[in-house]
Each structure stands twice: as structure tokens, then as C-alpha cells.
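Residues per chain are reported as follows:
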Amino acid sequence: MPNKPQIKIPATYMRGGTSKGVFFRLKDLPEPCQTPGEARDKLLLRVIGSPDPYQKQIDGMGGATSSTSKTVILAEPTQPDHDVDYLFGQVSIDKPFVDWSGNCGNLTAAVGAFAINSGFVAKDRIPENGTCTVRIWQANIKKTIVAHIPITNGEVQETGDFELDGVTFPAAEVQVEFMDPADGEGSMFPTGNLVDDLEVPGEGTLKATMINAGIPTIFVNAEDIGYKGTELQDDINSDPKALARFETIRAHGAIKMGLIQNIEEAANRQHTPKVAFVAKPSDYVSSSGKNIGAGDVDVLVRALSMGKLHHAMMGTAAVAIATASAVPGTLVNLAAGGGDRTHVTFGHPSGTLRVGAEAKEVDGQWTATKAIMSRSARVLMEGWVRVPGDSY
């Protein structure tokens, strides 16, 4: 049987925040891939270069990390008063599946620019100079996100002097607002508690804050699991036993949050929930060699994504951090000094990040109205991505 030649699909390779991924317009995908299902997943796996038992993604666009094994599909808006639908697919590196269970907050910063460049935003809403507000419907989690994109001479401005720890070069600042980031179908705290006793085999009983804001996240105290909160990537990722411990904590937390029914399901739900550990401020040296003083931050946070410690912080997890810090009594809030707060600056392996959130208690239930952070984004390459014709 003759081999099918490669096909080419219009695509853009973009960095958004501390992540990068391959962006598509839905209408540019092959027709069988324009609807959710096996064909679409197989195509995206092949684009990224997965599954790869070598965990390098050499034969694809992925970068063999959770931050660089990502895909985005933009489509005409399905909701009124929105400019675009944004669907995010987290591609597994070594397994044949695409996780559609959550959003990527970092790549959200690039969605606005891609939407403008791809014609999703009406021209009369794009100023000659100033800021264009792009109203995004996040289709994975069914939430509204508002991105404020700088415009110069009628075009998206990508260069600038905004510095983001975890990204080597400065760029233009993009402010992103996550509206009503808590789970719309249930409580922001799925167990009903700000702090739970989480039973984890091999760990005993851990204090945990489990929140669904931005992305489902399980927070535990660093000292309860033998860490300081100043750890860098290699301290965790070079230790298979540590990674196994965190996966066990994540799986049991997922059950308690009602996200899965049994431990086995966690293996096929790698993107959510996230697991993170928090600590009070302390001096440390970031992965770039930058000295971070205890007085520079309110709290230390380290988070794992797709089974590995993240080199900086996932955007959606930053939303969870901001929201949890705004609720007095959560582990994040307590580690940050307690009390009422509308913003928090946290230390992560690459440096620091300031995020804001507004939360309120109504009839005994906590909810968040919005979370705000600044990111940056730029186009790395645009044109076509090629895949073998039998990829889907």
C-alpha cells in the first residue's frame, strides 16, 4: 500500500506567558478534525510529536515539557458578546491522548493577538493606537476571559520592556482578566471546606486546600511533605520517588474533589487537577541566578504540571493561587500571612509574579468575581505545519 504524502495545515507557533504552542483556526483543520473526536486527537498528537517513548518529541513541534506540548484551536464565537472561542488541548508527551479537561492560562495571553491577526475581532474595534479588548470564550471550562492587547499603528504590538520571570526576553505587556474563575457547576471549594484532612497512602493525613478557580488545584504545606518551598526544578524532577509521591497526592485529592471516581482514572487526566505546595517567604536563588529575598514575596509556591515541577507557574494555577490567597483561612492565605487581601506576590522557581483576585462570601459560599495578571506573548513562526497524510 503506497504511503500518503504529507499534508500542510495553516498554523502559527506562539509563545504565551511561560508556555508555547501550535495555534490553529478551526476552519483550517482537515474536515474530519473540525469536530471533537479521535481524528482531531490523532492529528494534534502527530503535530506535536506524541506519543514519544523517548520523551523528546523530536518528530514534532513539541518541546518535551508540559509548557511546550500544547495546542490551541480558535473558532467563531458561540456565545453572544464574545469575539472568539478558545479551545485548549494539552498533549501528553509519552501517551497517546490529548487532555481537554482544563485551560492554559499562559497561552491565553497569546489568544487575543492570534484572534486579532486571524480576523476574529471586528476591524472597527481595533484602535490605530491604544489597547484592543478581546472577549474570549474559554470553551474547555466555559468561562469568559478578557485580554487587553496593545496596538501600535493598527497592528498587535509584541515588543516592549515588560519582563516576566521564566521568559528570557522582554516583550509587550498583556493584561488578562479571568472573569468568574470559580467552577460554575459547583462550589469553588468542592469539599465545602477551606482546609481538609487529605488521607494519602504513604503520607498519612495532610492538610490540603482544594480549590476550583482557574483550574482545579490541590495545595499542601511544603513543610508537611519535607520541603522548604524554595526548591527548583531539578530538586524535584530528578527524584522519581518525589514525583511518585506528588502523583499519589494528586490522585487522592482528585477523588476528594469529585473529579475522578477511582485512582486509575488519574493517569488519563494528567492536566487536572494541579498539585502545589506552599511556604512562608524565605530567601532563595531562582533558576536564572536571580536572588529572591523573603521581603520580595508574600508566599512561596511550587506547582507540578503533567507530572513534573513547572519551571515557573502555570497561568491557571496563578489564578488559583490569587483566589485562594484572597480567602482568609486557606493554606495559601495563611502562608501569605493571613487576613484579607486583593493581590499576592508569590515566589516560583524562576522568580516572582504578582496576581490579583477578588473573592466574596455569599450565604456561606465563597466565590470569585475575577482574577487579573499580566503576561506577554509573541508570534514565533507562522505558515504551515506538515504531517503525514495518514495522521488522522
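Because the structure is a prediction, the values reported are computed rather than measured.

(A) Examining the packing of aromatic side chains more closely. Scanning the model with the defined rule gives 4 aromatic pairs in all. Arranged with centres 5.4 Å apart and planes meeting at 50°, the rings of Phe-23 and Phe-114 form a pair that is tilted. Taken together, the positions of Phe-23 in strand E2 (residues 19-25) and Phe-114 in helix H2 (residues 105-117) put the pair 91 residues apart, joining distant regions of the chain. By the ring-pair criterion, three or more aromatic residues cluster together here, those being Tyr-227, Phe-246 and Phe-277.

(B) Quick look at the layout of surface pockets. In this structure, the largest pocket encloses a volume near 660 Å³. Breaking the lining of the largest pocket down by element, the ones donating at least two residues are helix H3 (233-237), helix H4 (240-256), strand E13 (274-279), strand E16 (299-305) and strand E17 (308-309). Broken down by class, the residue content of the lining of the largest pocket amounts to 10 nonpolar, 12 polar and 7 charged.

(C) Looking closely at the pattern of salt bridges. Applying the stated criterion across every chain yields a total of 12 salt bridges. A salt bridge links Asp-28 to Arg-25; the shortest N-O distance between them is 2.8 Å. One salt-bridge network, in which partners are shared between bridges, spans Asp-83, Arg-125 and Arg-135.

(D) Representation of unusual backbone geometry. In this model, Ser-50 is joined to Pro-51 through a cis peptide bond whose omega is -5°. Turning to its location among the elements, Pro-51 is positioned in the loop between helix H1 (38-48) and strand E3 (70-75). In the segment running from Thr-272 into Pro-273, the intervening peptide bond is cis, with an omega of -5°. Mapped onto the fold, Pro-273 is located in the loop between H4 and E13. Positive phi, normally seen in glycine, also occurs at Ala-64, with a value near 65°. Mapped onto the elements, Ala-64 comes out in the loop between H1 and E3. Looking at Ala-64, the relative accessible area reads 24%, which means it is partly exposed.

(E) Broad picture of the pairing of strand E7 (residues 143-152). By the criterion of burial, E7 is predominantly enclosed, with 8 of the 10 residues buried. Bridge analysis of strand E6 (residues 130-138) against E7 gives 9 bridges, and the strand direction is antiparallel. Considered in E7, the bridge of Gln-138 is made with Lys-143. From the end of E6 to the start of E7, which pair antiparallel, there are 4 residues, and Lys-142 there has a positive phi angle of about 55°. Two elements, E7 and strand E9 (residues 174-179), share 4 bridges in a ladder whose sense is antiparallel. Among the inter-strand pairings, Ile-145 is bridged to a residue of E9, identified as Phe-178. Counting the residues between successive antiparallel strands, the hairpin from E7 to strand E8 (residues 155-156) contains 2 residues, one of them, Asn-153, with a positive phi of roughly 55°.

(F) Fine view of the side chain of Thr-68. Its location among the elements puts Thr-68 in the loop between H1 and E3. We classify Thr-68 as buried; its relative accessible area is 11%. A polar atom in the side chain of Thr-68 sits 2.8 Å from the side chain of Thr-65. What Thr-68 contacts, discounting residues up to four positions off in sequence, is Lys-20, Met-61, Gly-62 and Gly-63.

Cut-offs applied
Residues numbered from 1 in each chain as written. Predicted model: local features only at pLDDT ≥ 70, side-chain atom pairs only at ≥ 80, totals over all residues. Heavy atoms only, no water. Phe/Tyr/Trp six-rings, centres within 6.5 Å; stacked < 30°, edge-to-face > 60°. Helix = DSSP H or I, 4+ residues; strand = E, 2+ residues; numbered from the N terminus. 1 Å grid on protein atoms, 1.4 Å probe; cavity = no way out; pocket = protein on both sides within 12 Å on 5 of 7 lines; lining within 4 Å. Points joined across faces, edges and corners; volume = space filled by probe spheres on them. Nonpolar A, V, L, I, M, F, W, Y, C, P; charged D, E, K, R; others polar. Salt bridge = Lys/Arg side-chain N within 4 Å of Asp/Glu carboxyl O. Buried < 20%, exposed > 50% of the residue type's maximum accessible area, 1.4 Å probe, protein only. Pairing = 2+ DSSP bridges. Polar contact = N/O pair within 3.5 Å; in protein donor to acceptor, adjacent residues only side chain to side chain. Contact = heavy atoms within 4.5 Å.

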